[in-house]
Amino acid sequence: MREVAIVSFAQLPAVRRDHVREDTEMLLPVLHEAVAASGIAKKDLGFTVSGSTDYLCGRPFSFVMALDAVGAFPPISESHVEMDGAWALYEAWVRLQHGDVDSALVYAFGKSSLGDVRAVLTQQLDPYLVAPLGPDSVSLAALQARVLLDRGRTTEREMAEIAARSRRDAMRNPSAQLRFDRGADLLLAEPYLVEPLRRHDCPPISDGACAMVIAAGDLARRVSRRPVFIAGIDHRIEAQGLGLRDLGDSPSTRLAAERAGVARAKVDFAEIHAPFTHQEVLVRDALGLAPGTPINPSGGALASNPVMVAGLTRIGEAAARLQAGDGERAVAHATSGPCLQQNLVCVLEARS
Amino acid sequence: MFYFSPMSPDSVLSAPYVLEYTYRRSVGPVLGRFLAGLRDGRILGVATRAGRVLVPPQEYDPETGEAVGEMVEVSTRGEVASWAWMSEPRPGQPLERPFAWALVKLDGADTALLHVVDAGSPARMRTGMRVAARFRDERKGTIQDLVCFEPVAEGA
């Protein structure tokens, strides 16, 4: 495999609702920041790919509008995935494996505030047997949490502690949305939202955007003092039917982790894209992380969760931390679909 | 170069335009029979080569990708494999009063169907409880032909 490294990452601080800017306007500053920090001229970037969903603003091909923020003249080579930006990164990584281009710009954006995001996410479900019943994203996550609680894989207290830790760690992350220190006892006194989930078990509704520049080996070493190499990346999916899956396990994460080589060396920390508290337990176990491995020093998706952005942000946060010298090797994870249906695992290694 | 000739208002052409899908979509041989079964007040699954019964039925075995075999009828009763209590139902959901979302494993099936249980209170819900389907009187061949599931006595 051709060596590919993340050389820069930029993100917009997530907010509950950006009243002023459109997607394109939100993207503009992060794209500029990521490209400027990469040390690669914009005109020299070989490929551009984005991740977003038209369902948030209810406008087909809305991602085409976002290209105004990139600047598509003279003509650029460009692609889009109707998925989290982490899958756009995967496409860019594959594109660089072809060997004819050496760098790529990857970005993601999501204004979750434009509609009722719990109802918008219902639209991704089976259109004949499930979506007509209108199950929302929180209810489906609650069904999964119940399976873990019934099996003794987690407890409501452990879930509350994950929520408390995430928002507490987010206090050190200026881009995070929910940043406070509220202990598990206080959280457990709150009523259920959709039993067994309380409000603290759920992610915030967020508007946000992020961007990343990746480069192949020699170019990466030339522009970065400490490029963060993608040592392994893989993604796997499970069956569409919720009742066909074992919701108390994440076999797609386990397989992706195996293929990405998570277990080949020590993991200094992990960034897990778990929008709901119990999902961190599932992914942590499926990744096979050693007990005590720090998880989500950024605060994770429980602190900010712009739809289609939060997964790529996990990879960007991990890369930024390694680039700053806080570790040598990290695992980043992104998820898509209801109840962790699809999972991407990326192993990152800093090499000075 | 093109020439633009202004038209008087009464020379503007118009035509009706109706936004519609001018076709009917087939749901296919497997889902179609499942939905026809619901219309008849029955619940059908499909058997995989390995002998598992999938409800709702799939066109292929999600484990192996193999084509599936015969449709088989399963019971309209079963047990709750997981549940979540919806204390404030949202617009468009099956019941307007509080209910439980549930994965229901019907007797004779190896997989679970997502639907709702009309239990009145979360105190009446537990994993493993027995439930029975309540069908609508007028059925049209959709998943909504099932109004909900209802708790029934143990062993029933």
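In what follows, the accompanying structure is described. (Residues numbered from 1 in each chain as written. Chains lettered and ligands numbered in written order. Predicted model: local features only at pLDDT ≥ 70, side-chain atom pairs only at ≥ 80, totals over all residues. Heavy atoms only, no water.)

1. Some thoughts on the sheet that holds strand 1 (residues 4–11) of chain A
All names here are of chain A. Within the open sheet, the nine strands sit side by side as 3-2-4-7-1-8-11-10-9. Their pairing is mixed. Among the strands making up the open sheet, the edge pair consists of strand 3 (78–81) and strand 9 (269–271). Averaged over all adjacent pairs, the angle separating strand axes in this sheet is 25°, with direction ignored. Where strand 1 meets strand 7 (residues 207–216), seven bridges bridge the pair, whose relative direction is antiparallel. If you follow I6 over to strand 7, its bridge partner there is I214. Running over the sheet, helix 2 (residues 62–70) touches strand 2 (47–51), strand 3 and strand 4 (103–111) and is turned about 125° from strand 4. (Pairing = 2+ DSSP bridges. Helix = DSSP H or I, 4+ residues; strand = E, 2+ residues; numbered from the N terminus. Axes fitted to C-alpha atoms, helices over the stretch in contact; angles between N-to-C directions. Contact = heavy atoms within 4.5 Å.)

2. Here we look at the nonpolar core
Ranked by internal contacts, the top residues of the largest apolar core, which has 59 residues, are A:L197, B:F34, B:V117, B:M125 and B:F149. Counting only elements with at least two residues in this core, the list comes to helix 5 (137–150) of chain A together with helix 1 (29–39), strand 4 (77–86), strand 5 (99–106), strand 6 (113–117), strand 7 (130–135) and strand 8 (146–151) of chain B. The biggest single contributor to this core is helix 5 of chain A, with eight residues. Once residues lying within four places of it in the same chain are set aside, the contact partners of B:F34 are A:L129, B:I43, B:L44, B:P56, B:P57, B:M71, B:L113 and B:I143. A:L89, A:V106, A:L322 and A:L344 belong to the second-largest nonpolar core, a separate cluster that totals 37 residues. (Core = buried A, V, L, I, M, F, W, Y, C linked by side-chain atoms within 4.5 Å. Buried < 20%, exposed > 50% of the residue type's maximum accessible area, 1.4 Å probe, protein only.)

3. Quick notes on helix 9 (residues 251–260) of chain A
Residues and elements named next belong to chain A. Burial in helix 9 covers these residues: S252, T253, A256, A257 and A260. An end-on view of helix 9 places all buried positions within 135° of arc, on one side of the element. Residues of helix 9 that are exposed and point over 90 degrees away from its buried face: E258 and R259. The elements touched by buried residues of helix 9 are strand 8 (228–237), helix 10 (277–287), strand 10 (329–336) and strand 11 (342–350). Looking one or two residues past helix 9, G261 carries a phi angle of roughly 80°, positive in sign. (Arc of directions from axis to C-beta.)

4. Overview of the side chain of A:Q144
Mapping A:Q144 onto the fold places it in helix 5. Those residues in contact with A:Q144 that lie beyond four places of it in its chain are A:L247, A:H278, A:Q279, A:L282, A:C339 and A:L340.

5. So, the packing of aromatic side chains
In total, this model carries four aromatic pairs over all chains according to the counting rule given. Residues A:Y107 and A:F109 carry aromatic rings whose centres are separated by 6.4 Å and whose planes lie at 25° to one another, so their mutual orientation is stacked. Its relative accessible area of 0% is what places A:Y107 among the buried residues. A:F109 gets classed as buried once you look at its relative accessible area, which sits at 4%. Where B:F99 meets B:W101, the ring centres are 5.1 Å apart and the plane angle is 75°; that geometry is what we call edge-to-face. For B:F99, a relative accessible area of 0% puts it in the buried group. Over the aromatic face of B:W83 sits the side chain of A:R146, whose NZ or CZ is 3.4 Å from the ring centroid. The ring of A:F180 carries the charged tip of A:R182 above its face, separated from the ring centre by 4.1 Å. (Phe/Tyr/Trp six-rings, centres within 6.5 Å; stacked < 30°, edge-to-face > 60°. Lys NZ or Arg CZ within 6 Å of the ring centre and 35° of its normal.)

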